[in-house]
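The residues making up each chain are set out below.
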Amino acid sequence: MKFFIDTANLSDIQEAADLGILDGVTTNPSLMAKEGISGDQAVKDHYVKICELVDGDVSAEVISTDFEGIVQEGEVLAQLAPNIVVKVPMIRDGVKALRHFYDHGIRTNCTLVFSPGQAILAAKAGATYLSPFIGRIDDITWDGMSLIREIAEIYAIQGYETEILAASIRSSKHIVESAKSGADVITAPLKPILGLLNHPLTDIGLAKFLADHKKANA
Ligand code: E4P
């Protein structure tokens, strides 16, 4: 399973990259706004900076919601760097655009996916990645992880090549459950990724090893 970081924060991206486990980055307009990035050129410059930090796919989201606008924006974004993946919302014109990008060799991430039907459409349209939003489904007391399992089953039966990118991850547990449920990729903020490191028995065990070593070498 690939690990993407879900942020536009350059120091978080660098920290995850330094850990040696980072395969890519996802962003969205809210994450860009959170970093205070505004204006067309500033957004593009920021994507270029992210692409320079990461040796892997970087999802850059379009703002347009009509076919022509999505295509125009996506083509500009795709030219910023070879590792840009154009992020397209799961709407009618988005599906048309996914097919257009597929036919023109531009890789895509279909975002805002909340149902198996949407997942089938995106795969049929040739999306490279599919982003089901686990956390937002859990937020309304439904079960985000069962959506990942359902999509993984459908994609395996149908032989779809679109990669399942579990998104809207809120916890380290979500990452582990995504791995068990058949996600090809997770995208998460830095905190849940680093949370995977933690276990009290590791801390206790290490403290004992170091104490015994100190005693033996006193
Ligand atoms: C990633 O591609 C999504 O935009 C992101 O995971 C959404 O996460 P959120 O539900 O925490 O905003």
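The notes below deal with the structure included here. (Residues numbered from 1 in each chain as written. Predicted model: local features only at pLDDT ≥ 70, side-chain atom pairs only at ≥ 80, totals over all residues. Heavy atoms only, no water.)

A word on the nonpolar core
Then, number 1: Of all hydrophobic cores here, the largest spans 57 residues; its most connected members are Ile5, Ile84, Cys110, Leu130 and Tyr155.
Then, number 2: Setting aside residues no more than four positions away along its own chain, Cys110 makes contact with Val88, Met90, Leu98, Ala122, Ala127, Tyr129, Leu130 and Ser131.
Then, number 3: Counting residues in each nonpolar core, the second largest holds 5 residues, with Phe4, Val85, Tyr129 and Val185 among its members. (Core = buried A, V, L, I, M, F, W, Y, C linked by side-chain atoms within 4.5 Å. Buried < 20%, exposed > 50% of the residue type's maximum accessible area, 1.4 Å probe, protein only. Contact = heavy atoms within 4.5 Å.)

Notes on the pairing of strand 3 (residues 57-61)
Then, number 1: With 5 of its 5 residues buried, strand 3 lies for the most part within the structure.
Then, number 2: Residues of strand 3 alternate between two faces, with Asp57, Ser59 and Glu61 on one and Val58 and Ala60 on the opposite face, all of them buried.
Then, number 3: Examined bridge by bridge, strand 2 (residues 24-26) and strand 3 share 3 bridges and lie parallel to one another. Residue pairing across strands places Thr26 opposite Ser59, the latter belonging to strand 3.
Then, number 4: Looking at chain direction, strand 3 and strand 4 (residues 84-89) are connected through 4 bridges and run parallel. Within strand 4, the residue paired with Glu61 across the bridge is Lys87. (Helix = DSSP H or I, 4+ residues; strand = E, 2+ residues; numbered from the N terminus. Pairing = 2+ DSSP bridges.)

Some words on the layout of surface pockets
Then, number 1: Computed from the structure, the largest pocket encloses a volume of approximately 340 Å³.
Then, number 2: The wall of the largest pocket is formed by 25 residues, among which Asp6, Asn28, Leu31, Arg136 and Pro189 lie closest to the centre.
Then, number 3: Elements that contribute at least two residues to the lining of the largest pocket include exactly helix 2 (29-34) and strand 5 (108-113).
Then, number 4: No other element matches helix 2, which puts 3 residues into the lining of the largest pocket.
Then, number 5: The residue makeup of the lining of the largest pocket, split by class, is 8 nonpolar, 10 polar and 7 charged.
Then, number 6: Of the voids in this model, the second largest pocket is the one considered here, and its volume is about 260 Å³. (1 Å grid on protein atoms, 1.4 Å probe; cavity = no way out; pocket = protein on both sides within 12 Å on 5 of 7 lines; lining within 4 Å. Points joined across faces, edges and corners; volume = space filled by probe spheres on them. Nonpolar A, V, L, I, M, F, W, Y, C, P; charged D, E, K, R; others polar.)

Some thoughts on the packing of helix 8 (residues 144-158) against helix 9 (residues 172-181)
Then, number 1: Across the interface, helix 8 lies against helix 9 with an axial gap of 9 Å and an inter-helix angle of 25°. Taken together, the axes of helix 8 and helix 9 lie roughly parallel to each other. Seen along the crossing, helix 8 lies across helix 9 with a hand that is right-handed. On the side of helix 8, the interface is formed by Met145, Ile148, Arg149 and Ala152, while helix 9 contributes His174, Glu177, Ser178 and Ser181. (Axes fitted to C-alpha atoms, helices over the stretch in contact; angles between N-to-C directions. Parallel < 35°, antiparallel > 145°, perpendicular 65-115°, else oblique. Left-handed = near helix turned anticlockwise from the far one by under 90°.)

Quick notes on the site of the ligand
Then, number 1: With respect to spatial proximity, the complete set of residues near the ligand consists of Asp6, Thr26, Asn28, Lys87, Phe133, Arg136, Ala167, Ser168 and Arg170.
Then, number 2: Interatomic distance of 2.7 Å between a side-chain N/O atom of Asn28 and an oxygen atom of the ligand.
Then, number 3: Notes on the ligand: free accessible area 340 Å², of which the protein chains cover 84%.
Then, number 4: Mapping the ligand onto the cavity grids shows that it belongs to the largest pocket.
Then, number 5: Taken together, the residues of the shell around the ligand sort by class into 2 nonpolar, 3 polar and 4 charged. (Near = heavy atom within 4 Å. Polar contact = N/O pair within 3.5 Å; in protein donor to acceptor, adjacent residues only side chain to side chain. Areas by Shrake-Rupley, 256 points an atom, 1.4 Å probe, with all protein chains shown as cover. Sits in = over half its atoms within 2 Å of the grid points.)

Side note on the packing of helix 1 (residues 10-19) against helix 3 (residues 40-53)
Then, number 1: Interhelical geometry of helix 1 versus helix 3 gives an angle of 15° and a closest axis separation of 10 Å. Between helix 1 and helix 3, the angle falls in the class roughly parallel. Our pair here, helix 1 against helix 3, has a crossing hand that is right-handed. Between helix 1, through Leu10, Ile13, Gln14 and Ala17, and helix 3, the contact on the second element is made entirely by His46, Lys49, Ile50 and Leu53.
Then, number 2: Per-class residue counts for the contact of helix 1 with helix 3 are 5 nonpolar, 2 polar and 1 charged.

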